[in-house]
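In case you want the letters, here they are:
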Amino acid sequence: MKKRRLLLIGPFPDPKGGVSIHLVRLSRLMANDFILDTIDESPIIKASYFNIRSLNIFKYLAKIIKSDIIHIHSSISVLRYLHFVVGKLFFKKIIVTMHSWSMENKSVAETKRNAFLLRNVDNVITVNDIIPQYFNLKNYLIQPAFIPPFMKDENPLPAELISVIENKRKEGRSILVANAYRLDDYQGVDLYGLDMCIDLVKDFVKNEDESIFLIFIVSSLAKGAEKYAAFQKRIQDEKLESGILLAHLDLSFVKLIESADIVLRPTNTDGDALTIREALFLNKVIISSDVVSRPDGTVLFKTRDPDDLLEKVRLSLHTNSVKENTQNDAEFYQEFYSQLYSELF
């Protein structure tokens, strides 16, 4: 049977984020069943991917025309709509995955355009049951974006970071980790909760409690560089360096999770967070805000409540709250997506 041509569109790493990592893992899963092609939307142009920001319209159209299936993972509405319109013009099968949706700064017209788009593609995947409500969707699939990591293929952590972790463990500290794609605000407060992480460490330092060391990784400084510098200054001014490392590093965050004791996800808006799924997959304690429904096994704290976060961290340090991994294996996802694409014909 002749292989279909599958075109995956969205942000490919670098920088690394939940959607970009999902796309890399999906590409690997589908490599044997389909002829794969990609269009990258990342702000960083790489030689390994054709990037839409190159503005090479002829190469873009050629990729669309050659494809049998277009799977759109765009987070930018105008790009999502562009791929939809061009795909429709060439009578392509189109699937859209909505990894997240926030009404902040969204006009009524933009929401209506996306609703029209989602009602007129061949299939819609959402990562939770909240997103469809924004568009009054009737037909859609709910499928978290998590695909298990291929740990043997993940790059090792930087030697300097491994050294930091080993030294802190020798001091008897538990390692906490958290991350942000980039530093943004949502509804006037820090989206990824870095401010809460610093407050958490401050409480431990103030009480001369050296039981934790927190590593917070920021993937991209394309935006948010001023916020990053301001947070670094705050850490220095308040003399918190002994309890926290804030770093802009290109690394495999799932490898950092593997080296951690507790993973934090203190966001004040979210989709279905890859970080949470990876922590559960690796049998790590994961403490997360309750801003959206979270997977079973997640330790929840009240969103933007620093006292509740502190309580849950202290409780987790003294109790074994790790639950058995209930995430599906790679074979499940390979079968899910292969069947999803095949049923279009």
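It should be noted that the structure appears before, not after, this text.
Numbers given for residues are sequential positions, taken from 1 along each chain in its written order. Note on the predicted model: pLDDT of at least 70 is required for a residue's local features to be given, and 80 or more for side-chain atom pairs to be given and counted; whole-chain, interface and lining totals, by contrast, use all residues. Side-chain measures here rest on the full set of heavy atoms in the structure, leaving out hydrogens and waters.

1. Notes on the overall build of the protein
Point 1. Counting its secondary structure elements, the protein contains 12 helices and 14 strands.
Point 2. Radius of gyration (C-alpha) of the protein: 21 Å, near the 20 Å computed for a compact globule of 345 residues.
Point 3. The dimensions of the protein, computed from C-alpha atoms along their principal axes, are 65 × 40 × 35 Å.
Point 4. In this scheme, a residue with accessible area under 20% of its type's maximum is buried, one over 50% is exposed, and one in between is partly exposed, where area comes from a 1.4 Å probe on protein chains only. Here the protein holds 345 residues, and the buried ones make up 52% of them.
Point 5. Contact between two residues is taken to exist if any of their heavy atoms lie within 4.5 Å; hydrogens are not considered. A fraction of 70% describes how many contacts in the protein between residues 6 or more apart in sequence connect residues 24 or more apart.
Point 6. Computed by Shrake-Rupley with a 1.4 Å probe, the accessible areas treat only the displayed protein chains as cover when residues are assessed. Split by element, the accessible area of the protein, about 16400 Å² in all, is 51% carbon and sulfur.
Point 7. Looking at the protein, you have 44 positive and 45 negative side-chain charges, and the mean spots of the two groups are 7 Å apart. Put simply, DSSP marks the helices as runs of H or I at least four residues long and the strands as runs of E at least two long, and each gets a number from the N terminus on. The globule rule is 2.2 Å times the number of residues to the power 0.38, and the radius of gyration it is compared with is taken over C-alpha atoms. His is not counted, nor are the chain ends; Lys and Arg add positive charge and Asp and Glu add negative charge. All charge positions are set by atom: Lys at NZ, Arg at CZ, Asp at CG, Glu at CD.

2. What about the pairing of strand E12 (residues 262-265)?
Taken residue by residue, a regular strand's side chains alternate between the two faces of the sheet.
Point 1. Neither face of E12 is open: one carries Ile-262 and Leu-264, the other Val-263 and Arg-265, and all of them are buried.
Point 2. DSSP bridges decide pairing: two strands pair if at least two such bridges lie between them. In the sheet, strand E7 (residues 174-180) pairs with E12 via two bridges, with the strands oriented parallel. If you follow Leu-176 over to E12, its bridge partner there is Ile-262.
Point 3. Pairing geometry for E12 and strand E13 (residues 285-289), over four bridges, is parallel.

3. Topic: the packing of aromatic side chains
Point 1. Here the aromatic set is Phe, Tyr and Trp, taking the six-membered ring for Trp, and pairing holds for ring centres within 6.5 Å; pairs whose planes are under 30 degrees apart are stacked, those over 60 apart are edge-to-face, and all others are tilted. Tallied over the entire structure, the rule returns 10 aromatic pairs.
Point 2. Summarising the aromatic geometry, the rings of Trp-101 and Phe-135 are spaced 4.9 Å apart at their centres and angled 65 degrees between planes, so their arrangement reads as edge-to-face. With a gap of 34 residues between them, Trp-101 in the loop between strand E4 (93-98) and helix H4 (108-119) and Phe-135 in helix H5 (residues 131-135) connect regions that are remote in the sequence. Each member of the pair, Trp-101 as well as Phe-135, carries the same accessibility label: buried.
Point 3. Aromatic rings pair up to connect Phe-34, Phe-336, Tyr-337 and Tyr-341 into one cluster.
Point 4. Any Lys NZ or Arg CZ that is within 6 Å of a ring centre and within 35 degrees of that ring's normal is treated as a charge sitting over the ring. In this structure, Arg-28 is placed above the aromatic ring of Phe-150, and the distance from its NZ or CZ to the ring centre is 3.8 Å.
Point 5. In this structure, Arg-314 is placed above the aromatic ring of Phe-204, and the distance from its NZ or CZ to the ring centre is 4.1 Å.

4. Quick notes on the environment of Ile-35
Point 1. By the secondary structure assignment, Ile-35 is in strand E2 (residues 35-40).
Point 2. Separated by 263 residues in the primary sequence, Ile-35 and Thr-298 place their C-alpha atoms 37 Å from one another.
Point 3. Excluding its chain neighbours within four sequence positions, the residues that come into contact with Ile-35 are Lys-3, Arg-4, Arg-5 and Leu-6.

5. Quick notes on the packing of helix H7 (residues 194-206) against helix H8 (residues 225-237)
When two helices pack together, you describe them by how their axes are tilted relative to each other and by the distance separating the axes.
Point 1. Every axis corresponds to a line fitted to the C-alpha atoms, with the helix fit spanning only the stretch in contact, and the corresponding angles, defined between N-to-C directions, vary from 0 to 180 degrees. Where H7 meets H8, the axes come as close as 11 Å, and the angle between the chain directions of the two elements is 5 degrees. As summarised for this structure, H7 and H8 are arranged roughly parallel, according to the angle between their axes. Along its contact with H7, which presents Leu-194, Asp-195, Ile-198, Asp-199 and Lys-202, the element H8 presents Phe-231, Arg-234 and Ile-235.
Point 2. Throughout, the ten residues Ala, Val, Leu, Ile, Met, Phe, Trp, Tyr, Cys and Pro are labelled nonpolar, Asp, Glu, Lys and Arg are labelled charged, and all others, Gly among them, are labelled polar. Looking at the contact of H7 with H8, its residues break down into four nonpolar, no polar and four charged. We call two directions roughly parallel when the angle between them is under 35 degrees, roughly antiparallel when it is over 145, roughly perpendicular when it lies between 65 and 115, and oblique otherwise.

6. Quick word on the sheet that holds strand E1 (residues 5-10)
Pairing between the strands of a sheet is mediated by backbone hydrogen bonds and can be parallel or antiparallel.
Point 1. Read from one edge of the open sheet, six strands run E2-E1-E3-E4-E5-E6, paired in parallel fashion. The open sheet has two edge strands with one neighbour each: E2 and strand E6 (141-142).
Point 2. Of the strand pairs in this sheet, E4 and strand E5 (residues 123-126) are connected by four bridges, and their pairing is parallel. Counted as the bridge partner of Val-96 is Val-124 from E5.

7. A short note on the side chain of Gln-143
Point 1. In this structure, Gln-143 sits in the loop between E6 and helix H6 (159-170).
Point 2. The residues contacting Gln-143, other than those within four sequence positions of it, are Ile-125, Thr-126, Val-127, Phe-332, Tyr-333, Phe-336 and Tyr-337.

8. Some thoughts on the sheet that holds strand E10 (residues 212-218)
Point 1. As summarised here, the arrangement of the six strands in space is E11-E10-E7-E12-E13-E14, forming an open sheet in which the pairing is parallel. Two strands close off the open sheet at either side, each with one partner strand: strand E11 (244-248) and strand E14 (299-301). Adjacent strand axes in the sheet meet at a mean angle of 20 degrees when their direction is disregarded.
Point 2. The strands touched by H6 within the sheet are E7, E10 and E11, with E10 carrying the most contacts at an inclination of about 160 degrees.

9. As for the side chain of Asp-308
Point 1. Turning to its location among the elements, Asp-308 is positioned in helix H11 (residues 306-318).
Point 2. Throughout this description, a polar contact denotes any pair of N or O atoms lying within 3.5 Å of each other; where both atoms belong to protein, one of them has to be capable of donating a hydrogen while the other can accept it, and for residues adjacent in sequence the pair is counted only when both atoms sit in side chains. Within the local environment of Asp-308, its side chain forms a polar contact with the backbone nitrogen of Lys-302, the two atoms lying 2.7 Å apart.
Point 3. Residues in contact with Asp-308, not counting those within four places in the same chain, are Phe-301 and Lys-302.

10. Side note on the nonpolar core
In summary, soluble globular proteins display a tendency toward joint burial of nonpolar side chains.
Point 1. Definition of nonpolar core: a set of buried residues of the types Ala, Val, Leu, Ile, Met, Phe, Trp, Tyr and Cys, connected through side-chain atoms within 4.5 Å. Ranked by size, the top nonpolar core spans 33 residues in total, and within it Leu-214, Phe-216, Leu-264 and Ile-287 carry the most contacts.
Point 2. It is H7 that provides the largest number of residues to this core, a total of seven residues.
Point 3. In this view, Phe-216 contacts Ala-178, Asn-179, Ala-180, Tyr-192, Leu-194, Cys-197, Leu-245, Leu-246 and Ala-247; residues no more than four positions away in its chain are not counted.
Point 4. Listed in part, the 26 residues of the second largest apolar core include Ala-115, Val-127, Leu-137 and Ala-145.

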